[in-house]
Amino acid sequence: MAATRNPDPRILRAIGVFMIRLLAVIERDLKKFKRNPLVIAMSVVMPIVYLIILGNSFQGKLVSLPVALVNQDSGPYAKRVAENLRAVEAGPGTFSLLAMKDQSQALEGIKKGIYKAAVIIPPDFSKKVVLKSGPEIGLFLDNTDGISSENIRNIVNAALRSMKTEYVPIREKYEDVQLREIDLYAKVDYYQSLVPGVVIMAIFLGTLTSGAFNLVMDRFLGIDESYLLTPLSKSHIVGGLVISGLSITTIIAVFIFTVSMFITGIPFSKGIEQCASIFIIIVLTTLCLLSLMFVILGRVDHPRIVGILSGFLNVILFFPSGAVYPIASFPGWLRNFAKINPEAYAVDALKAILFKNANLTYIAGDIVFLLVFTGVMMTLAILTFKRTI
Amino acid sequence: MQNNKAITVTGITKKYGSVAAVDNVSFSVDDGEFFGFLGPNGAGKTTLIRMLTTLLKPTSGTAIVACCDVTKEPASVRREIGVVPQAMTSDLDLTGYENMDIYGRFYGLGSRERTQQTAYLLETVGLTSRAHDLVATYSGGMRRRLEIARVLVHKPKILFLDEPTIGLDPQSRHVVWNFLEQLMADNAMTIFLSTHYMEEAEALCDKVAIIDAGKIVVLGSPADLKAQIPGNDIISLLIDGLSDHITAMLNGLPFVHQVKTEDNSIRVYVDSGAKNLPPLLDALKESGGKVLSATIHEQSLEDVFIHHTGKSIREEEAKKVSFLVGAGIPRKWGR
C-alpha cells in the first residue's frame, strides 16, 4: 500500500522542527563568534604564536654562551688552545669568549650568572706540555644550567682533542692534556631545575586571576559604576587592587614553592637568609606581573578576553623565560625579547638563590630590573586607567 | 556656594559619532528641590546623569554640580553627591552591612560615623534584619533599597537616582517612593531623579523636565505642565471612517478645546469629560462617524509628553526597547 511506503508526516515534521532548533543554536553561536573580532583574531594568531615561540624556545642550537677565558700562560701551547677555542667561537659560535686576567673575577662572574663557564689555562701549561708532565686546563662550569654546561664541556673537550692530533708528533708517546672539570655547584637534576619555573607559573596564574581581573569582572557585571562614582582616585583603585592581588598571589606562590621543594627534594641549604631572598623575589615578581596585567587588562570588560590573553601571555612570557630551556638556545630576536621579559629575570634570580646559594647582592641586577619594570608598569597602569565609563 | 542652585547646566552636549545623545541641554535645579527628568528610554537621561556625575565627559557645554564644574573638579563633585545608577551595583559577594561599610570607607568616614550611619540607614530602608546576609540572597527591591541607603552613607548634598524603580514590582516601587519622600522630609537634600514612569515623576517631583531625543521639550512643575494643556480631561476615541469633516465638527463644539488625530484615533481635550461625553457621542453620530471605543481620563504628564511631542512615552519605549540595558551607552570589546 502507498500509505505504508510513505514516511509518517508526523516523523517528518518532528525532524523538521528538530533541524530548525538545531540550526538556530548553531547560528546563534556562530553569529556571536563572528561579532567578536578579537576572539577570532586571537584564535588565528594564537596557534602561530605557539609555533613561533615554542619552536624557538626548545632544542635550538645553543649560541653565544658567555665563557670567560683566563690564559695565564704566554707559551705557544696555551696560545693554540686559545686559538682552537676562538675557532669554535668564530665557527659554530656556541660560546663567546671573554678574555680576562683574573681567575677569581671569572669565578665571581659565573656566580653572578654573567658567564656560563670559565676556561683557566695555568701559567705552567705550555711547559708541562713540552715536559709531558700532565698538563691540565681548568674548566669551571655553572652546572645549575645542565643543558648549557653539558654543551660547553663537550665543545671544550673537542677543541683540546683536535689540538692533540695536530701538534703531537706521531711516534712520540704523548702525555694527554687533561681537562680538569670543576662543577661549581651541587648537581641539579632536570626535575629540580623546573622549580623556579613552576613558582613563576603559579605567580603568573595568581596575578591573572586577582588584581586587574576583578576590575574586568566588575565591569562585566556593571558594578564598577558604584566605585567610579565615589571620591576614589585612580591610584586608590589600581593600588588597592594590586596590593590585594599581591597578598593572594604571594600566599599561593609561597605554598607552591614549599610543596615543590619537598616534591623535588631540594634542600634549604642556607636557612632563613635563602628563604627571605626567595620571598623577596616572589613579592617583586608578583608586583611586576600584577602591574603588567593592569596595563594589559585595564580597559577590558569581558572575562572571555582575559581567557584568551592568558594563554597568549603565558606562551610569550613563560617559555622564553629560560625556565625550561636555556635562553642561549633562542634565536636573536627571542633572546632580545628575554631581555625585557620580567619572568626571565625572576627565573634567573630564583635559580641563583636556589642552586648557587647566591645572596641578594649577586642578583642585584635582576632585582633592579624587576623594580624598574614594576615602577614603569604601575605608572602606565595609573595613566591609562580610565576613571570614566 | 555662590547661589542657591544645586545644579546649573549650560548647553551640555554628548555626541557618539554624529549622533547627539544629549543635545545642547540647559537647566538648573534649586537647592532642596526634587527634580525629575521624564522621558522614554533612549531619550538621553542616563547619558545626562552620567555627565552630571562625572562618569562621562561632555562633548561640549558645562555643568556645575553642588560646588564645582564636573569636568574641572570631578573629585570634589563626587564627594558632594550620592548616585544610584540604573543598573544594580551592590556587591553580591558581600553582605548588606559590608556593602555599606566599605562604601563609607571610600568616602573616608571614620569607624564610629560609619557604624552610626549604616545602622540608621539600614533601619530606615527596613533591612536591619537582613544586614548580615549576602546581597546575593536579596530580592530586587531589597537590593535597590540597599543601594539607595548605601549612597546616603556620607550624607551627600545631592542624590542622583537613575530610574530607581525600573524592574521593580508595584509594591516595591511604592516602598521606594515612600522612602524617597521620607528622605526629602527628613533631610535638606536635593534629589535628581530620572524616570520613564509618568506617575513616578508626578507623585514625587517638585519640578519636571520632559526630555525626548536628547532635548528638553518642556520644563516646569507637574501642575504647571498640565495647566499648559487645554481643558482638564481627555476623551480618546477610536472612530471608523474618521474624516476632516468630523474633526472640524468636533472643534466647533463649545466644550472642546483642541482635537488631535492620529490614524483612526482621536484625542479630544475637553472640560468635564464625564458630563460632556454623551453630547459629544451624539454629535459624532449625527455627522456619520462610527465610534468603536471611547475612554475618558484626567490629564497626566503622559498627556503633556504627547501634547509636546505628538507621541506617547509608551510608544517610544516599544521602539527603543533594545536600548533598555545600559541606556544605549556603547561599550567596546567582545560583547
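Residues numbered from 1 in each chain as written. Chains lettered and ligands numbered in written order. Predicted model: local features only at pLDDT ≥ 70, side-chain atom pairs only at ≥ 80, totals over all residues.

What exactly am I supposed to notice about the overall build of chain A here?
Each helix and strand counted, chain A has 17 helices and five strands in total. Compactness check: chain A gives a C-alpha radius of gyration of 29 Å against a globular reference of 21 Å for 389 residues, more than 25% above the reference. Along the three orthogonal principal directions, the C-alpha set of chain A runs to about 105 × 75 × 35 Å. Counting over 389 residues, chain A shows a buried share of 39%. Restricting to contacts in chain A with at least 6 residues of sequence separation, those with at least 24 account for 80%. (Helix = DSSP H or I, 4+ residues; strand = E, 2+ residues; numbered from the N terminus. Rg over C-alpha atoms; globule rule 2.2 N^0.38 Å. Buried ≥ 20, exposed ≤ 12 C-beta atoms within 10 Å, placed from the backbone. Contact = placed C-beta atoms within 7 Å.)

What exactly am I supposed to notice about the domain arrangement of chain B here?
Accessible area lost upon the coming together of the parts serves often as the stated size of an interface. Domain boundaries assigned for chain B yield domain 1 (5-219) and domain 2 (230-298). The C-alpha centroid of domain 2 of chain B is placed 42 Å from the C-alpha centroid of domain 1 of chain B. (Domains from an automatic or database assignment.)

Sorry if this is basic, but what is going on with the pairing of strand β8 (residues 190-195) of chain B here?
Walk down a regular strand and you will see the side chains alternate between the two sheet faces. Residues and elements named next belong to chain B. By the criterion of burial, β8 is predominantly enclosed, with six of the six residues buried. Across the two faces of β8 the burial is the same, with T190, F192 and S194 and I191, L193 and T195 all buried. Here strand β3 (residues 34-38) pairs with β8 via five bridges, running parallel. From the neighbouring strand, F37 faces β8, where its bridge partner is S194. Pairing analysis gives five bridges linking strand β7 (residues 158-162) to β8, with the strands arranged parallel. From the neighbouring strand, L159 faces β8, where its bridge partner is I191. Assessed by its sense of winding, the connection that carries the chain from β7 through helix α6 (residues 170-186) to β8 is right-handed. (Pairing = 2+ DSSP bridges. Right-handed = clockwise from strand over helix to strand, strands pointing away.)

Where do I start with the interface of chain B and chain A in this structure?
Chain B puts 20 residues into the contact, and the matching count from chain A is 21 residues. For the side of chain B that touches chain A, the element with the most residues is helix α2 (residues 74-80) of chain B, which contributes three residues. Broken down by class, the residue content of the side of chain B that touches chain A amounts to 10 nonpolar, three polar and seven charged. (Nonpolar A, V, L, I, M, F, W, Y, C, P; charged D, E, K, R; others polar.)

What exactly am I supposed to notice about helix α4 (residues 111-124) of chain B here?
Owing to its 3.6 residues per turn, the α-helix brings residues three or four apart onto one side. Residue and element names in this part refer to chain B. Taking 1.5 Å per residue as the helical rise, α4 with its 14 residues ought to reach 20 Å, and the 20 Å between its terminal C-alpha atoms agrees with that figure. Turning to α4, the residues buried within the fold contact α3 (96-106) and α5 (140-150). Within two residues after α4, G126 carries a phi angle of roughly 70°, on the positive side. (Expected span 1.5 Å × (residues − 1).)

What's the story with the domain arrangement of chain A in this structure? I'm lost.
Residues and elements named next belong to chain A. Domain annotation of chain A identifies domain 1 (65-183) and domain 2 (190-384). Taken over C-alpha atoms, the centre of domain 1 sits 39 Å from the centre of domain 2. Here the side of domain 1 that touches domain 2 gets three residues from one element, more than from any other, and that element is helix α7 (residues 146-167). When the residues that make up the side of domain 1 that touches domain 2 are grouped by side-chain class, the tally is two nonpolar, four polar and three charged.

What is the right way to read the environment of K57 of chain B from this model?
With respect to the helices and strands, K57 of chain B occurs in the loop between α1 (45-52) and β4 (60-65). Since 13 C-beta atoms lie within 10 Å of it, K57 of chain B is described here as partly exposed. Linking K57 of chain B and T13 of chain B, residues 44 residues apart in sequence, is a C-alpha distance of 9.5 Å. With sequence-adjacent residues up to four places away left out, K57 of chain B is seen in contact with T388 of chain A together with T71 of chain B.

Honestly, the packing of helix α13 (residues 271-297) of chain A against helix α17 (residues 364-384) of chain A in this entry has me stumped. Any pointers?
Residues and elements named next belong to chain A. Remark: α13 packs on α17, axes separated minimally by 8 Å, with the N-to-C direction vectors making an angle of 30°. The angle between α13 and α17 places the two elements in the roughly parallel class. You can see that α13 and α17 cross each other, and the crossing is left-handed. Taken together, the residues of α17 that come into contact with α13 (itself represented by L284, T285, L287, C288, S291, L292, F294 and V295) are I367, L370, L371, F373, T374, M377, M378, L380, A381 and T384. (Axes fitted to C-alpha atoms, helices over the stretch in contact; angles between N-to-C directions. Parallel < 35°, antiparallel > 145°, perpendicular 65-115°, else oblique. Left-handed = near helix turned anticlockwise from the far one by under 90°.)

Please clarify how the confidence of the model for chain B should be interpreted in this entry.
As a general rule, the predicted coordinates of low-pLDDT regions are not to be interpreted in detail. With 93% of its residues at a pLDDT of at least 70, chain B reaches an overall mean of 88. Low pLDDT (under 50) marks residues 321-335 of chain B, which in the prediction has 29 contacts with non-local residues, meaning those over four places away or in another chain. (pLDDT = per-residue confidence, 0-100.)

What is the right way to look at the packing of α5 of chain B against α6 of chain B in this model?
Residues and elements named next belong to chain B. Following both chains from N to C, one finds α5 and α6 inclined at 15°, their axes separated by 10 Å at the closest point. In terms of their interaxial angle, α5 and α6 are classed as roughly parallel. Crossing geometry of α5 relative to α6 is assigned as right-handed. Each of G140, G141, R144, R145 and I148 in α5 lies in contact with α6, whose residues at this interface are S172, V175, V176 and F179. Residue composition of the contact of α5 with α6, grouped by class: four nonpolar, three polar and two charged.

Which parts of the structure should I look at to understand the sheet that holds β4 of chain B?
Adjacent strands of a sheet form backbone hydrogen bonds with each other and so pair up, either parallel or antiparallel. Residues and elements named next belong to chain B. What the four strands build is an open sheet, ordered β2-β1-β4-β5; its pairing is antiparallel. In the strand order of this sheet, the two ends are held by β2 (19-30) and β5 (68-69), each with one partner. Pairing geometry for strand β1 (residues 5-16) and β4, over five bridges, is antiparallel. Opposite T13, over in β4, you have S60 as the bridge partner.

Help me understand α17 of chain A in this model?
Residue and element names in this part refer to chain A. Compared with an ideal rise of 1.5 Å per residue, which puts 21 residues at 30 Å, α17 spans 30 Å between its outermost C-alpha atoms and is within 8% of the ideal. Taken together, the buried positions of α17 are occupied by D366, F369, L370, F373, T374, M377, M378 and A381. The buried residues of α17 all sit within an arc of 155° when viewed along its axis, so they share a single face. Along α17, exposed side chains directed more than 90 degrees from the buried face belong to A364, V368, V372, T379 and L383. Packed against the buried residues of α17 are α12 (234-264), α13 and α16 (342-355). (Arc of directions from axis to C-beta.)

Can you walk me through unusual backbone geometry in this structure?
Most peptide bonds are trans, and most residues other than glycine sit at a negative phi. All names here are of chain B. Phi is positive for A66, which is not a glycine, with a value near 60°. Secondary-structure assignment places A66 in the loop between β4 and β5. A positive phi angle, near 50°, is found at K155, a position not held by glycine. Among the structural elements, K155 can be located in the loop between α5 and β7. The exposure class of K155 is partly exposed, given the 13 C-beta atoms found within 10 Å.

I would appreciate a short explanation of the environment of V283 of chain A in the present structure.
Residue and element names in this part refer to chain A. Mapped onto the secondary structure, V283 falls in helix α13. Distance in space between the C-alpha atoms of V283 and I251 is 9.8 Å, their sequence separation being 32 residues. Excluding anything up to four places from it in sequence, V283 contacts L246 and T250.

Sorry, what's going on with the sheet that holds strand β12 (residues 256-262) of chain B here?
Residue and element names in this part refer to chain B. Read across the sheet, four strands follow the order β12-β13-β11-β14 without closing on themselves; strand pairing throughout is antiparallel. Every other strand in the sheet has two partners, leaving β12 and β14 (290-298) as the edge strands with one partner each. When strand polarity is set aside, the average angle formed by the axes of neighbouring strands in this sheet is 20°. Across six bridges, the pairing between β12 and strand β13 (residues 265-270) is antiparallel. Along β13, the bridge assignment pairs K260 with R267. Sitting on the sheet, helix α9 (residues 244-252) touches β11 (233-240), β12 and β13, and the angle it makes with β12 is about 160°.

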